[in-house]
Each structure stands twice: as C-alpha cells, then as structure tokens.
Amino acid sequence: MEKKTNIIRAILIILGGAIFIIYAFPSIIFVNIATIIGSTFGALLIILGVFLQKFIALCKNLCKSKLGKSTLFSVLSIFLACIIALGSAMGSVVACSDTNADGQDTLIVLGCFVKNGKPSYSLTQRINACYDYLVSNPKSVAVLSGGQGSDEIMSEAKCMYDVLVQKGINPDRLYMEDKSTNTNENIKYSLEIIETEKLSKNIAIVSNDYHLKRSTMIAKKQGVEVKRISAGSTLLDKPNFYLREGLGVIKEFIF
C-alpha cells in the first residue's frame, strides 16, 4: 500500500509541477484568468502529492460520520463536475479550431493587440490567414474589426488594413470597423457594416484557432451562422488560451 501511495504521490508532484510551469511561465509576459487558474491547479496537485497520506487520513476520518461522508462526497462531486465541464468546453474549442470555410464572400477578421503600431504575433497570424484567403478568393471582401485600446497608437482595424494593403490587397476589398473593444462588439459592429454596405451575408470569421469556437457562438447569438478560418498559435500560447477560451465557452453557454 505504501509503495502505491508513493507512486501516486510522485505522479501528482510531477504532473502538478509540469502544469504549474506551463501556466506560470507565460505570467512573465501577461497574466489572465487562465494563467492564474492553471498555475493554482498545478500548485494544488503538488501540495496534494506532498501531503497525500494526510489527505487520505482526513478522508478516512470524514467517512466515519454521516455528515462527514456526505460533505466529502459533495465536495468531490462538485470538483469532478467542474473538471468534466471544463474538459468538455476545452474539447469543443479544439474541435472548432480548424478552417471549414468553403468560398465565403465576406470575412470578419477579429482584432488583437497592436504594439507600437505593429501587429502582435496573434494579429499577424490573423492578417496572414485573411490575406491567403483573399488571394485564393478574388471576389471576397473583408471587414477588419478592432478599435484602439488605451495602450495602442492606432486601431487594430487600421493596423490590419495597412498591412494587407502593403501586401497587395486592393483597398476596395477592405472595410474597417474601428469602434469595438471585445469579441461581442467585433461581430456586432461588423454585421452593421455588412448590412450598411450591403455585403454578402455568406460570412466566415478569421481568428486564431483557440478563439474560433467562442466567436462562432457569439455570432450565432447575434443571428448569423458563420464559417471558420483558422489562424495559427504557438505551442506556448495553446495551453493558456485553450483554457481561457474553455472558460469563455462555459460563460457563453450559461449567459
């Protein structure tokens, strides 16, 4: 029994350490709910591994009384339900991370951070995905969506516009939406432009792979069915943003 306990303890500590590093490392650059939750979960696994025998003893003591047993069962059930819900949500994010566009006439390109007038890595990936699609589909147009944050010297829409024009896309194929501050507004204001300019409602959303599930959910809530065009993300980004978007999917589902 002690040998099995030691094996489980080692697994918990190693797994917890790996999860902690994966989610804590990006905190050097940025902090969000995913880095906090991921690194906290990793730390809890390490603590559980270190004090596993005491935890087992505590559970045994609780099981000696009816109240203790029901309390332990309730806590573990809630924890398990949360893990299953989050795992399912993250699974749906992964399942919708690919491109399924097949000749859409209008693209909505979702904005992302602009640093010193230059697109961030994530935004560059979105711009490149948009460019490739517009080149392959010469009759398609794009609504470039993203306002100007307090730490940005230009709107995300203008940044995307400038890069695409420099790459050779005809400006007449590009429409700028520069009021939005979040994904909901990206889609809402872009749909208003599509309506005003009488553009085709055969639409595809362009964003990073991890962002597509929630984006399509928001679009559906706003009354449109859209296809997906996937822009890449780095291996370092994936754990953090897939967790963040999994939480976002749960929020969209509930509210």
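Residues numbered from 1 in each chain as written. Predicted model: local features only at pLDDT ≥ 70, side-chain atom pairs only at ≥ 80, totals over all residues. Heavy atoms only, no water.

Student: I tried to follow the side chain of Asp 237 on my own but got confused; where do I start?
Tutor: When you line up the elements, Asp 237 lands in helix H9 (residues 237-254). For Asp 237, which is buried and forms no salt bridge, the nearest opposite charge comes from Lys 238, at a distance of 8.2 Å. The contacts of Asp 237, once residues within four sequence positions are left out, are Tyr 121 and Ser 122. (Helix = DSSP H or I, 4+ residues; strand = E, 2+ residues; numbered from the N terminus. Buried < 20%, exposed > 50% of the residue type's maximum accessible area, 1.4 Å probe, protein only. Lys, Arg positive; Asp, Glu negative; His and termini not counted. Salt bridge = Lys/Arg side-chain N within 4 Å of Asp/Glu carboxyl O. Contact = heavy atoms within 4.5 Å.)

Student: Any chance you could explain the pairing of strand E5 (residues 174-177) here in plain terms?
Tutor: Taken residue by residue, a regular strand's side chains alternate between the two faces of the sheet. Direction of pairing for strand E4 (residues 141-145) relative to E5: parallel, over a ladder of four bridges. By the bridge assignment for E5, Val 143 is matched with Tyr 175. Handedness of the crossover is the feature at issue here: the chain leaves E4, passes through helix H6 (residues 156-166), returns alongside E5, and the resulting connection is right-handed. (Pairing = 2+ DSSP bridges. Right-handed = clockwise from strand over helix to strand, strands pointing away.)

Student: Is there a simple way to think about the side chain of Thr 106 in this case?
Tutor: As for its position among the elements, Thr 106 is in strand E1 (residues 106-110). Residues contacting Thr 106, with those up to four places away along its chain left out, are Val 141, Val 143, Ile 194, Leu 199, Ser 200, Asn 202, Ile 203 and Ala 204.

Student: Looking at this model, I keep getting lost on the packing of aromatic side chains. Mind explaining?
Tutor: Throughout the structure, instances matching the rule amount to two aromatic pairs. Pairing Tyr 210 with Phe 241 gives two aromatic rings, centres 4.6 Å apart and planes at 15 degrees, and the pair type is stacked. Of the two residues, Tyr 210 sits in the loop between strand E6 (203-208) and helix H8 (212-221) while Phe 241 sits in helix H9, which places them 31 residues apart along the sequence. Given the relative accessible area of 2%, Tyr 210 is considered buried. The exposure class of Phe 241 is buried, given its relative accessible area of 11%. Each member of the aromatic cluster is reached from another via a ring pair, and the members are Phe 30, Tyr 210 and Phe 241. Positioned over the ring face of Tyr 131 is Lys 167, at 4.5 Å from the centre of the ring. (Phe/Tyr/Trp six-rings, centres within 6.5 Å; stacked < 30°, edge-to-face > 60°. Lys NZ or Arg CZ within 6 Å of the ring centre and 35° of its normal.)

Student: What should I look at first to understand the sheet that holds E5 in this one?
Tutor: Pairing is parallel across the open sheet formed by five strands, whose spatial order is E5-E4-E1-E6-E7. Every interior strand has two partners, whereas the edge strands, E5 and strand E7 (227-231), have only one. Across the sheet, the axes of successive neighbouring strands diverge by a mean angle of 25 degrees, strand direction being ignored. The pairing of E6 with E7 spans five bridges and is parallel. When the bridges of E7 are listed, Asn 208 appears paired with Ala 231. (Axes fitted to C-alpha atoms, helices over the stretch in contact; angles between N-to-C directions.)

These figures capture arrangement, not role.
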